[in-house]
Amino acid sequence: VKTSGKRDFRYFDVRFFEAIQQKYRAEAELRHAIEHNQFVIYYQPRVSLATGETSSMEALVRWAHPSRGIVEPRSFIPLAEETGLIVELGEQVIDSVCSQLAFWTRQGHRVVPVSINVSAIQFAKINIGESLSAALRRHDVSAQLVEIELTESVMMAGNEAVSSVLTAIQGMGIRLLVDDFGTGYSSLSQLQELDFDTLKVDKAFTARLERSEASKIFYKAIITMAHSLGMKVVAEGVETLEQVHSLKALHCDEVQGFYIAPPMPPTERQSVLAPALSK
Ligand code: C2E
Ligand code: CA
Ligand code: CA
Ligand code: CA
């Protein structure tokens, strides 16, 4: 059936209107979830290839939805960023992590640092350094126990304000990590200037490690460069023992991924979440 251009336009219009309504509802639901503290943090260990011990854990947010169950971040982080709700959500993440670290510390076992993901939009909207220092004080947690993961897009913004906030955060004793390294466009000079502690190589490079010589060469070059600049390298998305062996041969420092452990909800003792890798 041939439809008129006019009808097509109206059809499009209705769909567009519905899409807006749906987005409006999703935003309202997300706002409600933030107001009612429906977010929980899962923790995924990062293991040192030299010692086999867990050296740190990454905090990964999940939405404990009353009817849909545990919802993964890809379903709500983009909307949270688009609407600015990521600021409030991010504050809750920082607060929960500090509260959890304080709890683990009170249990009296060795506690490893936790890294927190911070998106470029959070950096643009608020002073993350101030939120961090307030949360650390509120829970009486040492800055040494917190690390920040930033994607290259934060540095791409490249403005003075961002680098002064990053310098202040480092000055507090909080380590800075570059996340998803290899997918963005950070320059060597930026990496050096900000004295990042660690590069986390994006999981796409790890996935190709066994099949692609280019990926191995990339890893090798990154590891050599990072070490000469005093940075550590973490391989993300490690799913097989073969990858662990290759990364060890390449002198990669740490591994993170399903082969070691998936992100897990917190337990009474942090060490329960901290597997050791046999050497
Ligand atoms: P990311 O920071 O790159 O986090 C790593 C993601 O890889 C996590 O997905 C993790 O579950 C997943 N992963 C871990 N090991 C493996 C593996 O061996 N194989 C594969 N294929 N994947 C693995 P998740 O938890 O769904 O988080 C997705 C993204 O959402 C994160 O990517 C991060 O960008 C964002 N995100 C998570 N939590 C927060 C948060 O608190 N704040 C902000 N701003 N973003 C967050
Ligand atoms: Ca991350
Ligand atoms: Ca990553
Ligand atoms: Ca350094």
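As shown above, the structure is provided for reference.
Residues numbered from 1 in each chain as written. Chains lettered and ligands numbered in written order. Predicted model: local features only at pLDDT ≥ 70, side-chain atom pairs only at ≥ 80, totals over all residues. Heavy atoms only, no water.

Colleague: Mind laying out the site of ligand 1, listing which residues take part and the relevant values?
Modeller: Close to ligand 1 lie 23 residues, the nearest being R62, D179, K203, E239 and F258. In the model, a nitrogen atom of ligand 1 is placed 3.0 Å from a nitrogen or oxygen of the Q44 side chain. Here ligand 1, which alone exposes 800 Å², has 82% of that area covered by the protein. Put simply, ligand 1 lies in the largest pocket. Contributions of two or more residues to the shell around ligand 1 are made by β2 (54-65), α3 (86-106) and β6 (175-181). The element contributing the most residues to the shell around ligand 1 is β2, with four residues. Here the shell around ligand 1 is built from residues that sort into nine nonpolar, six polar and eight charged. (Near = heavy atom within 4 Å. Polar contact = N/O pair within 3.5 Å; in protein donor to acceptor, adjacent residues only side chain to side chain. Areas by Shrake-Rupley, 256 points an atom, 1.4 Å probe, with all protein chains shown as cover. 1 Å grid on protein atoms, 1.4 Å probe; cavity = no way out; pocket = protein on both sides within 12 Å on 5 of 7 lines; lining within 4 Å. Sits in = over half its atoms within 2 Å of the grid points. Helix = DSSP H or I, 4+ residues; strand = E, 2+ residues; numbered from the N terminus. Nonpolar A, V, L, I, M, F, W, Y, C, P; charged D, E, K, R; others polar.)

Colleague: Break down the coordination of the calcium ion (ligand 2) for me, citing the residues and quoting the values.
Modeller: For the calcium ion (ligand 2), every protein donor is listed as E58 (OE), N117 (OD1), E149 (OE) and D179 (OD), and the spread of their distances is 2.2 to 2.3 Å. Spacing between the donor residues of the calcium ion (ligand 2) along the chain follows E-x58-N-x31-E-x29-D. In this structure, the calcium ion (ligand 2) is positioned 3.9 Å from the calcium ion (ligand 3), and both are ligated by D179. Within this pair, whereas N117 is found in strand β4 (residues 114-117), its partner D179 is found in strand β6, the two being separated by 62 residues in sequence. Accessibility expressed as a relative area gives 28% for N117, which makes it partly exposed. On the accessibility criterion, D179 (7% relative accessible area) is buried. (Donors = N, O, S within 2.8 Å, 3.2 Å for Na, K, Ca; no water. Buried < 20%, exposed > 50% of the residue type's maximum accessible area, 1.4 Å probe, protein only.)

Colleague: How would you sum up the side chain of Q92? Please name residues and give values.
Modeller: Structurally, Q92 can be placed in helix α3. Judged by relative accessible area, Q92 falls into the buried class, the value being 15%. In contact with Q92, not counting residues within four places along its chain, are I34, N37 and F39. (Contact = heavy atoms within 4.5 Å.)

Colleague: Break down the side chain of H65 for me, with residues and values.
Modeller: Relative to the elements of secondary structure, H65 occurs in strand β2. At a separation of 2.6 Å, a polar atom in the side chain of H65 contacts the side chain of E29. In this structure the side chain of H65 is engaged in a polar contact, spanning 3.1 Å, whose partner is the backbone nitrogen of S67. Once residues lying within four places of it in the same chain are set aside, the contact partners of H65 are E29 and V71.

Colleague: Could you give me a rundown of the packing of aromatic side chains, with the residues and numbers involved?
Modeller: Taken as a whole and assessed by the stated rule, the structure comprises five aromatic pairs. Considering the side-chain rings of F39 and W63, the 5.6 Å spacing of their centres and the 40° angle between planes classify their relative orientation as tilted. In this pair, F39 is assigned in strand β1 (residues 39-48) and W63 in strand β2, connecting sequence segments 24 residues apart. For W63, a relative accessible area of 4% puts it in the buried group. Taking the centre distance of 4.1 Å and the plane angle of 15° together, the rings of F205 and F218 count as stacked. Placement of the pair is F205 in helix α9 (residues 203-208) and F218 in helix α10 (residues 213-228), with a sequence separation of 13 residues. The ring of W63 is capped by R68, whose NZ or CZ atom sits 5.6 Å from the centre of that ring. When the ring centre of F205 is taken as reference, the NZ or CZ atom of R208 above it lies at 5.4 Å. (Phe/Tyr/Trp six-rings, centres within 6.5 Å; stacked < 30°, edge-to-face > 60°. Lys NZ or Arg CZ within 6 Å of the ring centre and 35° of its normal.)

All quantities given are derived from atomic positions and should not be read as evidence of function.
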